[in-house]
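Understanding the architecture of this molecule
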Amino acid sequence: MKKIDVKELKDNFFETVSKEWMLVTAGNKEQFNTMTASWGCIGFLWNKNVAIIFVRPERYTHEFIEKDGIVTLAFLGNEPEARKIYSFCGSKSGRDYDKMKETGLKPIETEFNGITYEQARLTLECKKIYKDNIKPELFLDSSIEKWYGGKNGGYHDVYILEIVNAYVK
């Protein structure tokens, strides 16, 4: 991995997040978990380069995000092998499966002891700086409610993360 300045990124993150997806990982080399996410934002807030992620509290990765200050966002690409990894990590829990064994992901440590993967074409290493949760009573568009309850799960926690490092393959 080669460290680059965040301002050098050329991705269209509307496409990258929604179509490619990402692996959200928290923890350390001794114990970590990853999950697939297809909702998120990259931008500029409070004079910082930030990523915003949405994680349901029932997700196993949520426990690691709550404990750790560093979260990585790894983008694997859109090739068939990457799609298989994203699909597995988004549908199976790390409580029940060894995701590294099942997918062949090869974890590597980042500068601030986060975890990313050899397979990642791009990794954003991030520091948590803000957390809140989705409050249904604040929805201004009632159609949003369809994304919650039943098989969809609970309301997301929202994390604003300062992007402290970017790495490319």
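What counts as what
Residues numbered from 1 in each chain as written. Predicted model: local features only at pLDDT ≥ 70, side-chain atom pairs only at ≥ 80, totals over all residues. Heavy atoms only, no water. Pairing = 2+ DSSP bridges. Helix = DSSP H or I, 4+ residues; strand = E, 2+ residues; numbered from the N terminus. Expected span 1.5 Å × (residues − 1). Buried < 20%, exposed > 50% of the residue type's maximum accessible area, 1.4 Å probe, protein only. Arc of directions from axis to C-beta. Contact = heavy atoms within 4.5 Å. Salt bridge = Lys/Arg side-chain N within 4 Å of Asp/Glu carboxyl O. Core = buried A, V, L, I, M, F, W, Y, C linked by side-chain atoms within 4.5 Å. Polar contact = N/O pair within 3.5 Å; in protein donor to acceptor, adjacent residues only side chain to side chain. Phe/Tyr/Trp six-rings, centres within 6.5 Å; stacked < 30°, edge-to-face > 60°. Lys NZ or Arg CZ within 6 Å of the ring centre and 35° of its normal.

Another aspect to go through is the pairing of strand β9 (residues 122–133). As judged from the six bridges shared by strand β6 (residues 70–75) and β9, these two strands associate in the antiparallel manner. Bridge pairing links Ala74 to Thr123 in β9. Bridge count for β9 against strand β10 (residues 157–168) is 11 bridges, and the pairing is antiparallel. Across the sheet, Lys127 pairs through a bridge with Glu162, a residue of β10.

If you check helix α3 (residues 80–91), its first and last C-alpha atoms are 17 Å apart, about what 12 residues at 1.5 Å a residue would give, namely 16 Å. All of the buried residues in α3 are Ala82, Ile85, Tyr86, Phe88 and Cys89. Mapping the buried residues of α3 onto a view down its axis gives an arc of 165 degrees, with all of them on the same face. Exposed residues lying more than 90 degrees from the buried face of α3 are Pro80, Lys84 and Ser91. At its buried positions, α3 is contacted by α1 (13–20), β2 (22–28), β3 (31–37), β6 and α4 (99–103).

Once the charged atoms of two side chains with opposite charge are near each other, the side chains can pair. Enumeration over the complete set of coordinates arrives at 11 salt bridges. Ionic pairing is found between Lys3 and Glu111, a salt bridge with its closest N-O pair at 2.6 Å. One end of the pair, Lys3, is in strand β1 (residues 2–4); the other, Glu111, is in the loop between β7 (107–109) and β8 (115–117), and 108 residues separate them in sequence. Among the residues examined, Glu111 registers a relative accessible area of 45% and is labelled partly exposed. Ionic pairing is found between Lys84 and Glu81, a salt bridge with its closest N-O pair at 4.0 Å. A residue pair is termed a helical-turn pair when its members lie 3 or 4 positions apart in one helix, as Lys84 and Glu81 do in helix α3 at three residues. In this structure Lys84 comes out as exposed when scored by relative accessible area, which is 55%.

Within the largest apolar cluster, 39 residues are counted, with the highest numbers of intra-cluster contacts made by Leu23, Val24, Ile53, Leu73, Phe75 and Leu124. Contact partners of Ile53, with chain neighbours within four places excluded, come to Met22, Val24, Ile65, Val71, Leu73, Asp157, Val158, Tyr159 and Leu161.

Turning to its location among the elements, Lys135 is positioned in the loop between β9 and β10. Between the C-alpha atom of Lys135 and that of Met35, which follows or precedes it by 100 residues, the distance is 23 Å.

Quick look at the side chain of Asn165 now. Inspection of the secondary structure assignment puts Asn165 in strand β10. A distance of 3.3 Å separates polar atoms of two side chains, one belonging to Asn165 and the other to Lys3.

The subject of this paragraph is the packing of aromatic side chains. Taken as a whole and assessed by the stated rule, the structure comprises nine aromatic pairs. Where Phe88 meets Tyr97, the ring centres are 5.5 Å apart and the plane angle is 85 degrees; that geometry is what we call edge-to-face. You can call Phe88 buried: its relative accessible area is 16%. Among the aromatic residues, ring-to-ring pairing joins Phe139, Tyr148 and Tyr155 into one connected group. Positioned above the aromatic ring of Phe64 is the side chain of Lys67, whose terminal nitrogen or guanidinium carbon lies 5.1 Å from the ring centre. The cationic tip of Arg83 hangs over the ring face of Trp21; the distance from NZ or CZ to the ring centre is 4.0 Å.

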